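Chain by chain, the residues run as shown.
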2 protein chains.
Amino acid sequence: MPDDAAVVEVPGGGSLVVSVDSVVAGVHFDLALCSPADVGWKALMGALGDLAAMGARPLGALVALCVPGAGGDGELALGVMAGVAEAAGVSGCPVVGGDVSSADELVVAVTVMGTVDGGVPVARAGAVEGDTLLVTGPCGGSAADLRSGGGEAYCRPVARLREGTVARLAGAHAMIDVSDGLALDLHRLADASGVGFVLGSVPVAAGATPEEALGGGEDYELVIAVGEADVAGLVDQFAAAGLRPPWRIGAITADPGVRLAEGRELGRLGWQHPIG
Amino acid sequence: MPDDAAVVEVPGGGSLVVSVDSVVAGVHFDLALCSPADVGWKALMGALGDLAAMGARPLGALVALCVPGAGGDGELALGVMAGVAEAAGVSGCPVVGGDVSSADELVVAVTVMGTVDGGVPVARAGAVEGDTLLVTGPCGGSAADLRSGGGEAYCRPVARLREGTVARLAGAHAMIDVSDGLALDLHRLADASGVGFVLGSVPVAAGATPEEALGGGEDYELVIAVGEADVAGLVDQFAAAGLRPPWRIGAITADPGVRLAEGRELGRLGWQHPIG
């Protein structure tokens, strides 16, 4: 499993952090539970979560939209793009290009480009023994909303872009965004880093169960592995930036066979993609 | 109608030319006429055609793949990605990121990133009165193949990347790739530039009709508007680069109301997108 995003060197100087993410009706969202604008919002935020996990800030997005109906459903397309535009405004990520096609079902594929402004992107693979594990917010809210028929966490998730940049500047060793489930994504970070982990309790979103907090996807909170000596500085810098303080949820161990939550083996709880 | 691709300034110095293009089963291709690998090839080449039209060389691509079937069809996905990889190899455009989802139908959305190496990208809007119109090859081959049940032009089109870069360096004022039809794409170039055109005869691909040469899409040949004084130099530089000499097909006029082919009004022949 590679990082959340790829890094492309740009002739003339600079580099770009890029990622693509797509959402498909019936797979990633249910139009009975969210509006077309929500779908557009979720599609862009899902892609931006990958930039956040690299500690990158967004520069722009390209949107490929496939809309059902012979000739395409113009109203649906406009609704989706309105939600993309809202999320773009909130995130400071202008939509610089797009493509619209007709199709059997609604598909939104979003490519995002970002920068670490001359810094080094944070990879999944950098966690080392003794690192503290932090998470930027309670998890499971999106899953709880999905179970209960919709809601803000499901329809309007927010990529933790500023948190990602501040964590990178504070010396984070590794990061991943919770797109498929805190447990599964943490396993991926540990796999990439060749380490294990010991989790304590994790913050549970209002209305969510502890199982949803561990296995629910699309929260887009960031899991951060950072050296113990840098935790206090990171927390201070979150506060200085006006960000919610991160939760301390566990630690990295040297043995990649150790994957514990509250003393018990933690399964790879979360959304497993069908392929690849 | 904007340019074929957008330009993104990258902190640290460079800039990137970026575009997204998607192909949908039943809309942009027919799996009875081409293999999964052909679909992947066509998807990447279609996106690269937009870079070619800006005079950019590719740096990398991101591919969002939606594959039908519960859990997704792994064999189909691998076939498509094999074709993407083939086209990537031929074009010098590495695939740097991707995303796979299940869906009701096969959709391939490709984002490409390129560079003009410190130069200025060629826009659609730069054509001026007196410019000569050139095309890099015969048109209508893809449409003829589609009519006759498949073939190389339909299944394996080639983006004119080197031609685009050489034309840019030779001073081309405006370019567009023939993705939707020579006539329609030429109208778009003229619309963007606020000019008219007078076409003579255009080169017709083997097996194609003159109507297919004007109205058939997905040829990906480049239409180039260049000052008459620079035509000879451009032709020389094509030859020096080992490229097929371009065809002279007409000229740009000042009056945007003049849109003639062989003395008669030229309609907007070509593939009209359903939306936008």
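The model shown is predicted, which means the values in this text are computed figures rather than measured ones.

## Observations regarding the overall build of chain A
Along its length, chain A carries 8 helices and 12 strands. For 276 residues, the compact-globule formula gives about 19 Å, and the C-alpha radius of gyration of chain A, at 18 Å, lands near that figure. For chain A, the C-alpha atoms occupy an extent of roughly 55 × 50 × 35 Å along the three principal directions. In chain A, of all internal contacts separated by at least 6 residues, the share reaching a separation of at least 24 is 85%.

## Considerations on the relation of the copies chain A and chain B
By a simple turn and slide, chain A fits onto chain B: the slide is 0.0 Å along the axis, the RMSD is 0.0 Å, and the turn is 180 degrees. Seen this way, the second copy is the image of the first under a two-fold rotation axis. Considering only C-alpha atoms, the residue of chain A closest to the rotation axis is Gly13 of chain A, which sits at 2.1 Å. The fraction of interface residues of chain A whose copies in chain B are also interface residues reaches 100%, indicating that both copies meet through the same surface.

## Let's talk about the interface of chain A and chain B
In many analyses, interface size is given as the accessible surface area lost on bringing the parts together. Tallying the contact residues gives 47 residues for chain A and 47 residues for chain B. Those elements that provide at least two residues to the side of chain A that touches chain B are strand 1 (6-9), strand 2 (15-24), strand 3 (57-68), helix 2 (74-91), strand 4 (95-103) and strand 5 (107-115) of chain A. The residue makeup of the side of chain A that touches chain B, split by class, is 24 nonpolar, 18 polar and 5 charged.

## A closer look at the packing of helix 1 (residues 36-54) of chain B against helix 2 (residues 74-91) of chain B
Axes are the key here: two packed helices are described by the angle between their axes and the distance separating the axes. All names here are of chain B. Following both chains from N to C, one finds helix 1 and helix 2 inclined at 45 degrees, their axes separated by 6 Å at the closest point. As judged from the angle between their axes, helix 1 and helix 2 are oblique. Seen from above, helix 1 lies across helix 2 with right-handed handedness. On the side of helix 1, the interface is formed by Pro36, Ala37, Asp38, Val39, Gly40, Trp41, Ala43, Leu44, Met45 and Leu48, while helix 2 contributes Leu76, Gly79, Val80, Met81, Ala82, Gly83, Val84, Glu86, Ala87, Ala88 and Ser91.

## Considerations on the nonpolar core
Counting 203 residues, the largest nonpolar core has Leu44, Val108 and Val223 of chain A together with Leu44, Val108 and Val223 of chain B as its most contacted members. Setting aside residues no more than four positions away along its own chain, Val108 of chain A makes contact with Ser22, Val23, Val39, Gly40, Ala43, Val63, Leu65 and Val80 of chain A.

## A word on the pairing of strand 4 (residues 95-103) of chain B
Residues and elements named next belong to chain B. Buried residues dominate strand 4, accounting for 7 of its 9 residues. Where strand 3 (residues 57-68) meets strand 4, 8 bridges bridge the pair, whose relative direction is parallel. Bridge pairing in strand 4 places Cys66 opposite Ser101.

## A look at the sheet that holds strand 11 (residues 259-261) of chain A
Residue and element names in this part refer to chain A. Across the sheet, which stays open at both edges, the 7 strands sit in the order 7-9-6-10-8-11-12 with mixed pairing between neighbours. Only two strands of the sheet have a single neighbouring strand rather than two, namely strand 7 (174-177) and strand 12 (264-265). When strand 8 (residues 196-199) meets strand 10 (residues 247-253), the two strands line up antiparallel, connected through 4 bridges. Looking at the pairing, Gly196 lines up with Thr253 of strand 10.

## Overview of the environment of Val7 of chain A
Residues and elements named next belong to chain A. By the element assignment, Val7 lies in strand 1. It is 35 Å that separates the C-alpha atoms of Val7 and Gly150, two residues lying 143 residues apart in sequence. Once you skip the residues sitting within four places of it in the chain, Val7 turns out to touch Ser15, Val17 and Pro121.

## Some words on the domain arrangement of chain A
Residues and elements named next belong to chain A. Each assigned domain of chain A is listed with its residue range as follows: domain 1 (6-115) and domain 2 (132-265). Here the C-alpha centre of domain 2 lies 23 Å away from the C-alpha centre of domain 1. Taken together, the contact pairs 17 residues of domain 1 with 23 residues of domain 2. Ranked by residues supplied to the side of domain 1 that touches domain 2, first place goes to helix 1 (residues 36-54) with 11 residues. Class assignment of the residues belonging to the side of domain 1 that touches domain 2 gives a composition of 9 nonpolar, 4 polar and 4 charged.

## A short note on the packing of helix 1 of chain B against helix 5 (residues 161-169) of chain B
Residues and elements named next belong to chain B. Between helix 1 and helix 5, the shortest axis-to-axis distance is 7 Å and the interhelical angle comes to 15 degrees. The angle between the axes of helix 1 and helix 5 places the two elements in the roughly parallel class. Considering only the axes of helix 1 and helix 5, their crossing is left-handed. Here helix 1 contributes Leu48, Leu51, Ala52 and Ala53 to the contact with helix 5, which in turn contributes Leu161, Glu163 and Gly164. By residue class, the composition of the contact of helix 1 with helix 5 is 5 nonpolar, 1 polar and 1 charged.

## What to know about helix 6 (residues 182-193) of chain B
All names here are of chain B. Here helix 6 spans 16 Å end to end across 12 residues, near enough to the 16 Å set by a 1.5 Å rise per residue. For helix 6, a buried count of 10 out of 12 residues is recorded, marking the element as mostly surrounded by other parts of the structure. Every buried residue belonging to helix 6 is among Leu182, Ala183, Leu184, Asp185, Leu186, His187, Arg188, Leu189, Ala190 and Ser193, and all of these are buried. Against strand 7 (174-177), strand 8 (196-199), helix 7 (210-215), strand 9 (222-226) and strand 11 (259-261) lie the buried residues of helix 6. A positive backbone phi angle near 70 degrees is found at Gly194, which sits one or two residues after helix 6.

Calculation criteria
- Residues numbered from 1 in each chain as written.
- Chains lettered and ligands numbered in written order.
- Predicted model: local features only at pLDDT ≥ 70, side-chain atom pairs only at ≥ 80, totals over all residues.
- Helix = DSSP H or I, 4+ residues; strand = E, 2+ residues; numbered from the N terminus.
- Rg over C-alpha atoms; globule rule 2.2 N^0.38 Å.
- Contact = placed C-beta atoms within 7 Å.
- Least-squares fit on C-alpha atoms with pLDDT ≥ 70 in both.
- Nonpolar A, V, L, I, M, F, W, Y, C, P; charged D, E, K, R; others polar.
- Axes fitted to C-alpha atoms, helices over the stretch in contact; angles between N-to-C directions.
- Parallel < 35°, antiparallel > 145°, perpendicular 65-115°, else oblique.
- Left-handed = near helix turned anticlockwise from the far one by under 90°.
- Core = buried A, V, L, I, M, F, W, Y, C linked by C-beta atoms within 7 Å.
- Buried ≥ 20, exposed ≤ 12 C-beta atoms within 10 Å, placed from the backbone.
- Pairing = 2+ DSSP bridges.
- Domains from an automatic or database assignment.
- Expected span 1.5 Å × (residues − 1).

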